[in-house]
Structures are given as C-alpha cells and as structure tokens.
Amino acid sequence: MTIMHWFALALVGWISVHVLVTPAFGQTLSSVEITQNGDELSIDVDQELGQNQLDAVQTGRSNRMTVSQSGGAADLRQDGESNAADVKQVSGLELNWVDILQHGTGNTLSLDQSGNANAAAVAQLGDLNQMVVMQLGDGNSLSYTQSGRGLAVTVTQTGGASVVISQTSPGP
C-alpha cells in the first residue's frame, strides 16, 4: 500500500486555504497544488476515496474555489475579481476530469460530475456570467465557452453525451 500526499502552497496577501485529504485503503495518489497571488482569495479542498489531483491557481481579489473530489482530476484557474467556482467530482473506476478557466469579474460556476470518465473543459471570459454543469453517468464530454457579459446557462448530460457550446454576448 502506497499513500502519498503532496501539498505545494504559494501564498501572498490575505488568503484562506483549507485542505482535507482522507486516504482510502490502497490509495496510490492524492495531490493538491495551489498557487494564490492577490487579496482575499479562498479555496476549500476535500479529497477522499481514491485517486485525486487538483492544480489550482488564483490571482486577483476576492476569488473563491470549493473543490470536493472522490476520484477526479481538476485544473482550475481564476483571474480577476469576485469569481466563484464550486466543483464536485465522484467517480468509480475511471477518473472524471475538468479544466476550468474564469477570467473577469463576478463569474460563477457550479460543476458536478458523478459517474466514470466524464470530461469537461469550460471557460468564462468576461463579467457576471453564470454556468451550471451536471455530468451524470459515464462517458460525457463537454467543451463550453462563455465570452461576454451577463450570460447564463445550465447543461445536464446523462451518459455518453458529447457537447460543444460557445456562448457570446453582443459587444459593449
């Protein structure tokens, strides 16, 4: 049995980091890498039951991330002000994967993956955009980009769906 916990934290300014890793019997790897540069940044991480990987970078002011993983790999990037991302990953034999980019002000994202081998690459570019993503079942794939101001969408995938979405608001 190999249990490995790896934490790399680079912290600048008023920052809150909470990390809880609960190893499962026979777990081979859980990793967390967090880089924060700015003011009033917050990240809460809970990893348990299986292989988990998180790479999170926050820059700017008042950005918040909450990540709960039980079999997932996540790459999260926030740049700007008052952005929020909530990610929940639960899988069985095959990891779920997500890549998230938020750039701008006041963007919110909620992503829930439950099943096996789900993949999501999402980007919010602009201000005051809202996104809710639910991937349920196995083998879902999503590529989604919001670009502009005041956009909102909810996407639900239930087993084997592949979706590509680009949502753009008109100019200023």
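Bear in mind that the values here come from a model prediction, so they are computed numbers and not experimental data.

*Asks:* In this structure, what is going on with the pairing of strand S6 (residues 64–70)? I would like to understand it.
*Replies:* On a regular strand, one side chain projects to one face of the sheet and the next to the other, so that they alternate. Across six bridges, the pairing between strand S4 (residues 41–48) and S6 is parallel. Bridge pairing in S6 places Asp 46 opposite Ser 68. One ladder, built from seven bridges, connects S6 with strand S8 (residues 84–90); its direction is parallel. Across the sheet, the residue bridging to Ser 68 is Lys 88, located in S8.

*Asks:* Explain the nonpolar core here, please?
*Replies:* One broad rule of soluble globular proteins: the nonpolar side chains tend to lie buried together. Of all hydrophobic cores here, the largest spans 22 residues; its most connected members are Leu 54 and Leu 76. Once residues lying within four places of it in the same chain are set aside, the contact partners of Leu 76 are Leu 54, Asp 55, Ala 56, Val 57, Met 65, Val 67, Val 87 and Ile 100.

*Asks:* What am I meant to see in the confidence of the model for the chain here?
*Replies:* Here the chain averages 86 in pLDDT, while 83% of its residues score no lower than 70. Segment residues 1–14: pLDDT under 50, and 38 contacts once partners within four positions in sequence are set aside and those in other chains are kept.

*Asks:* Could you clarify how one ought to interpret the side chain of Gln 36 in this entry?
*Replies:* With respect to the secondary-structure elements, Gln 36 resides in strand S3 (residues 30–39). According to the relative accessible area criterion, Gln 36 is buried, its value standing at 1%. A distance of 2.4 Å separates the side chain of Gln 36 from the side chain of Gln 58, its partner in a polar contact.

*Asks:* Any chance you could explain a nonpolar patch on the surface here in plain terms?
*Replies:* Side chains of Val 132, Met 134 and Leu 136 sit close together on the surface and give an oily, nonpolar patch of about 190 Å² of accessible area. Within the secondary structure layout, Met 134 lies in strand S12 (residues 130–136). Given a relative accessible area of 30%, Met 134 falls into the partly exposed group.

*Asks:* Sorry if this is basic, but what is going on with the pattern of salt bridges here?
*Replies:* Tallied over the full model, the rule gives five salt bridges. Taking the shortest distance from any N to any O, the salt bridge between Arg 77 and Asp 55 comes out at 3.2 Å. One end of the pair, Arg 77, is in strand S7 (residues 72–81); the other, Asp 55, is in strand S5 (residues 52–61), and 22 residues separate them in sequence. Overall, the relative accessible area of 27% leaves Arg 77 in the partly exposed class. The residue Asp 75 makes a salt bridge to Arg 77 at a minimum N-O spacing of 2.7 Å. Among the charged side chains, a salt-bridge network with shared partners connects Asp 55, Asp 75 and Arg 77.

*Asks:* Is there a simple way to explain the side chain of Asn 96 in this structure?
*Replies:* Within the secondary structure, Asn 96 sits in strand S9 (residues 96–105). For Asn 96, the side chain forms a polar contact with the main-chain oxygen of Gly 115, separated by 3.1 Å. A distance of 3.5 Å separates a polar atom in the side chain of Asn 96 from the backbone nitrogen of Ala 117. Sequence-distant contacts of Asn 96, defined by excluding residues within four places in its chain, comprise Gly 71, Gly 72, Ala 73, Gln 89, Val 90, Ser 91, Gln 113, Ser 114, Gly 115, Asn 116, Ala 117 and Asn 118.

*Asks:* I keep staring at the environment of Glu 94 and nothing clicks. Help me out?
*Replies:* Relative to the helices and strands, Glu 94 is located in the loop between S8 and S9. Separated by 24 residues in sequence, Glu 94 and Asn 118 place their C-alpha atoms 8.6 Å apart. Ignoring anything within four residues of it in the chain, the contact list for Glu 94 reads Gly 115, Asn 116 and Ala 117.

*Asks:* Would you mind going over unusual backbone geometry with me for this structure?
*Replies:* Backbone phi values are negative for most residues with the exception of glycine, while trans is the configuration of most peptide bonds. Of note, Ser 62 is a non-glycine position whose phi angle comes to about 60°, a positive value. Given a relative accessible area of 25%, Ser 62 falls into the partly exposed group. Of note in this structure, Leu 128 is not a glycine but carries a positive phi near 60°. Looking at the element boundaries, Leu 128 is found in the loop between strand S11 (119–127) and S12.

Conventions we followed
Residues numbered from 1 in each chain as written. Predicted model: local features only at pLDDT ≥ 70, side-chain atom pairs only at ≥ 80, totals over all residues. Heavy atoms only, no water. Pairing = 2+ DSSP bridges. Helix = DSSP H or I, 4+ residues; strand = E, 2+ residues; numbered from the N terminus. Core = buried A, V, L, I, M, F, W, Y, C linked by side-chain atoms within 4.5 Å. Buried < 20%, exposed > 50% of the residue type's maximum accessible area, 1.4 Å probe, protein only. Contact = heavy atoms within 4.5 Å. pLDDT = per-residue confidence, 0-100. Polar contact = N/O pair within 3.5 Å; in protein donor to acceptor, adjacent residues only side chain to side chain. Patch = residues over 30% accessible without salt bridge, like charges linked within 9 Å, V, L, I, M, F, W, Y side chains within 5 Å. Areas by Shrake-Rupley, 256 points an atom, 1.4 Å probe, with all protein chains shown as cover. Salt bridge = Lys/Arg side-chain N within 4 Å of Asp/Glu carboxyl O.

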